[in-house]
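Here is how the chains run, residue by residue.
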Amino acid sequence: MMDMKQIEPGQNWLNNINENFTKLGVQDESTTAYVLLNGVTQFSDTHTPIIKRPLLSGSTEKTWHLGINIKHMPVHSDLVVAKVPEGFQEVSDPWIGIFPVGQEGHVVGALSAYFANSPKELHLFYDTMVANPTDLNNTNVNLPLTWH
């Protein structure tokens, strides 16, 4: 029979787990060394980091909350928005999400986010959902991206 250790009052098991992970060298990494392309800018002056964390399966999960302004994007077009640095490029599936996009207070379509080329570049494809589609002009977009 397994010896079950009793939990002492006030003991914080989460801290113990975090300490053990740190001792094993399991830590999150982050970078802001990406390059935005084609006139795309971020909402603020500071770059938001891409965070890479190890998973128990041995793979890694990358997350990046990217808030960008797209100056111009024609309907049914593809736009390369960023180049991702080495070590943060691994993807098991290049398609990483579909996000609604609005203009003048109305949802006008969706942006499909995917990786292509090598080194990996983040692309957006603009597809419309309205009868009379318009190009995106000076549009702010929030992209909460996650890939493995």
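These numbers were taken from a predicted model, which means no experiment stands behind them.

Enquirer: What is the right way to look at the pairing of strand 4 (residues 50-54) in this model?
Expert: The two faces of the sheet receive side chains in turn, since in a regular strand these alternate between them. Taken together, the three bridges between strand 1 (residues 29-31) and strand 4 define a ladder with antiparallel strand orientation. Across the sheet, T31 pairs through a bridge with I50, a residue of strand 4. Counting the residues that bridge the hairpin from strand 4 to strand 5 (residues 60-73) gives five residues, and of these G58 lies at a positive phi of roughly 100°.

Enquirer: Help me understand the confidence of the model for the chain in this model?
Expert: Any residue range with low pLDDT should be treated as having predicted coordinates unsuitable for detailed reading. Across the chain, the average pLDDT comes to 85, with 82% of residues at 70 or higher. At the low end of the mean pLDDT range in the chain sits helix 1 (residues 13-23), at 57; at the high end sits strand 6 (residues 78-83), at 96.

Enquirer: What is the right way to look at the sheet that holds strand 2 (residues 35-36) in this model?
Expert: Two orientations exist for strands paired in a sheet by backbone hydrogen bonds: parallel and antiparallel. Spatially, five strands are ordered 2-6-9-8-7 in an open sheet, and the strand pairing comes out antiparallel. Among the strands making up the open sheet, the edge pair consists of strand 2 and strand 7 (95-103). Bridge count between strand 2 and strand 6: two bridges; the pairing is antiparallel. The residue of strand 6 that forms the bridge with V35 is K83.

Enquirer: In this structure, what is going on with the nonpolar core? I would like to understand it.
Expert: Buried together is how nonpolar side chains tend to be arranged in soluble globular proteins. One finds W64, I68, L111, L122, L124 and L145 to be the most contacted residues of the largest nonpolar core, which totals 28 residues. Sorting the residues of this core by element identifies strand 5, strand 6, strand 7, strand 8 (106-116), strand 9 (121-128) and strand 10 (136-147) as the ones contributing at least two each. Residues in contact with I68, not counting those within four places in the same chain, are V40, T41, Q42, F43, V81, L124, T139, N140, V141 and L143.

Enquirer: Is there a simple way to think about the environment of W95 in this case?
Expert: As for its placement among the helices and strands, W95 is situated in strand 7. Taking the C-alpha atoms as reference points, W95 and Y114, 19 residues apart in sequence, are found 4.3 Å from one another. In this structure W95 touches S112, A113 and Y114, once residues within four positions along its chain are discounted.

Enquirer: Would you take a moment to explain the environment of H148 for this structure?
Expert: Structurally, H148 is set in the segment after strand 10. The spatial distance from the C-alpha of H148 to the C-alpha of S59 is 7.0 Å, given a sequence separation of 89 residues. Ignoring sequence-local partners within four residues, the contact set of H148 consists of L55, T60, E61, K62, E90, V91 and S92. A distance of 3.4 Å separates polar atoms of two side chains, one belonging to H148 and the other to E61.

About the criteria used
Residues numbered from 1 in each chain as written. Predicted model: local features only at pLDDT ≥ 70, side-chain atom pairs only at ≥ 80, totals over all residues. Heavy atoms only, no water. Pairing = 2+ DSSP bridges. Helix = DSSP H or I, 4+ residues; strand = E, 2+ residues; numbered from the N terminus. pLDDT = per-residue confidence, 0-100. Core = buried A, V, L, I, M, F, W, Y, C linked by side-chain atoms within 4.5 Å. Buried < 20%, exposed > 50% of the residue type's maximum accessible area, 1.4 Å probe, protein only. Contact = heavy atoms within 4.5 Å. Polar contact = N/O pair within 3.5 Å; in protein donor to acceptor, adjacent residues only side chain to side chain.

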